[in-house]
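So you can see what is in the structure, the chains are spelled out below.
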Amino acid sequence: MLRAVAQAETVRGRTAPNPWVGAVVVPPAVGEPVGPEGVEVADPDPDAGAGGWFAGATAPPGGPHAEVEALTRAGEHAELATLYVTLEPCAHYGRTPPCTDAIVAAGIRRVVVGMEDPDPRVAGRGIAALRQAGVDVDVGVEGAVVGEQLAAYVHHRRTGRPWVVLKLASSLDGRTAAPDGSSRWITGETARLDAHRLRARSDAILVGAGTVRVDDPALTVRLPPDDPDHRSSEEQPVRVVLGQAPVGAAVLPALERSGDLLEILTGLGAEGILQLLVEGGARVAHAFHAAGLVDRYVVYLAPALFGGDDARPLFSGPGVTTIDSLWRGTIRTATSLGGDLRVDLEPPAA
């Protein structure tokens, strides 16, 4: 299952509105008796992956799902094999036929599922269809790992809104820019490359119109061609501006949105955006934070100090008025990136 999770990670940010799913077909061991007749399997294909396994991941929309990719690579070796898949196989017609049909037709004898699909079109139907066809099904293997990987997808299917990641970068004293507005670069190159990978794994990137006017960001993924998260010009995330971008801005073409943030998120969710990366500025960060609309905070901290109270803060707007109201989240991970530190923060449970 962890191999399937790794496969899914290779296509993250490329599959929306579909989930990023990984699958691995594991043929029976050579000479292992399987089935009621005790049939023994042949030698594994020498062209298979490590351990004679066949892996697949979800293709871009309209292409095959992870299960079908893995089954196609396995070919005749799928007969009587075990299929590991991070998310419950679909049993309905969408852009592609049901994966359950392909699994049964391939002769798979057992399917191991990481987690049930919350999509109401699936929601247990795929598991039921496989069992009805005589396939053994186990559910929940490495479920916590898969659930973390697919958190954005699960959130989208349950709320209709994208999973919101607020990215912040500051000095250790919580400042993002000097009093004159200059800010490049607070963090080092390793942290900046990591931030581009975060962009690559998001379906859309949002900033305020003020940030566009001041910084004129392109909001594109800029990684070396040999980086697994490299994105071509056709694969770039959707760009979203709160307000109106000036003519000729580097962010254009972009979606321009204004009004209630919850309504904006609902609209982006309806357009198939599963993960939205909010990059600023300070007023936009404050608006999302104050409204309780952030699902994950990613904070890059540089070993630097502005050393005063006149530098610009992470958030621009009123905060809590008493220590009893202090916002407290949970640190999920803290990762060293060169000389900087990345902290992933989860908001308190509702």
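Residues numbered from 1 in each chain as written. Predicted model: local features only at pLDDT ≥ 70, side-chain atom pairs only at ≥ 80, totals over all residues. Heavy atoms only, no water.

## Here's the deal with unusual backbone geometry
The omega torsion across Leu 252 and Pro 253 is 0°, close enough to zero to call that bond cis. Its place among the elements puts Pro 253 in the loop between strand S11 (238-242) and strand S12 (255-257). Omega for the bond connecting Gly 280 with Gly 281 falls within 30 degrees of zero, at 10°, which places this linkage in the cis form. Positioned with a positive phi, Ala 123 is a non-glycine residue whose angle comes to about 40°. Exposure remark for Ala 123: the relative accessible area of 36% places this residue in the partly exposed category. For Leu 219, which is not glycine, the phi dihedral falls at a positive 60°. Mapped onto the secondary structure, Leu 219 falls in the loop between helix H8 (209-215) and S11. (Helix = DSSP H or I, 4+ residues; strand = E, 2+ residues; numbered from the N terminus. Buried < 20%, exposed > 50% of the residue type's maximum accessible area, 1.4 Å probe, protein only.)

## Focus on the confidence of the model for the chain
Overall, the predicted model of the chain reaches an average pLDDT of 91, with 93% of residues at or above 70. Within the chain, strand S3 (residues 39-40) has the poorest average pLDDT of any element, 40, and helix H9 (residues 261-270) the best, 98. A low-confidence stretch, residues 33-47 (pLDDT under 50), is modelled with 25 contacts involving residues beyond four sequence positions or located in other chains. (pLDDT = per-residue confidence, 0-100. Contact = heavy atoms within 4.5 Å.)

## As for the pattern of salt bridges
Using the criterion set out here, one finds 18 salt bridges in the structure. A salt bridge links Asp 138 to Arg 110; the shortest N-O distance between them is 2.8 Å. Taken as a pair, Asp 138 in strand S7 (residues 136-139) and Arg 110 in strand S6 (residues 110-115) lie far apart in primary sequence, 28 residues in all. The exposure class assigned to Asp 138 is partly exposed, which follows from its relative accessible area of 33%. A residue is classified by how much of its surface remains accessible, and Arg 110, at 29% relative accessible area, is partly exposed. (Salt bridge = Lys/Arg side-chain N within 4 Å of Asp/Glu carboxyl O.)

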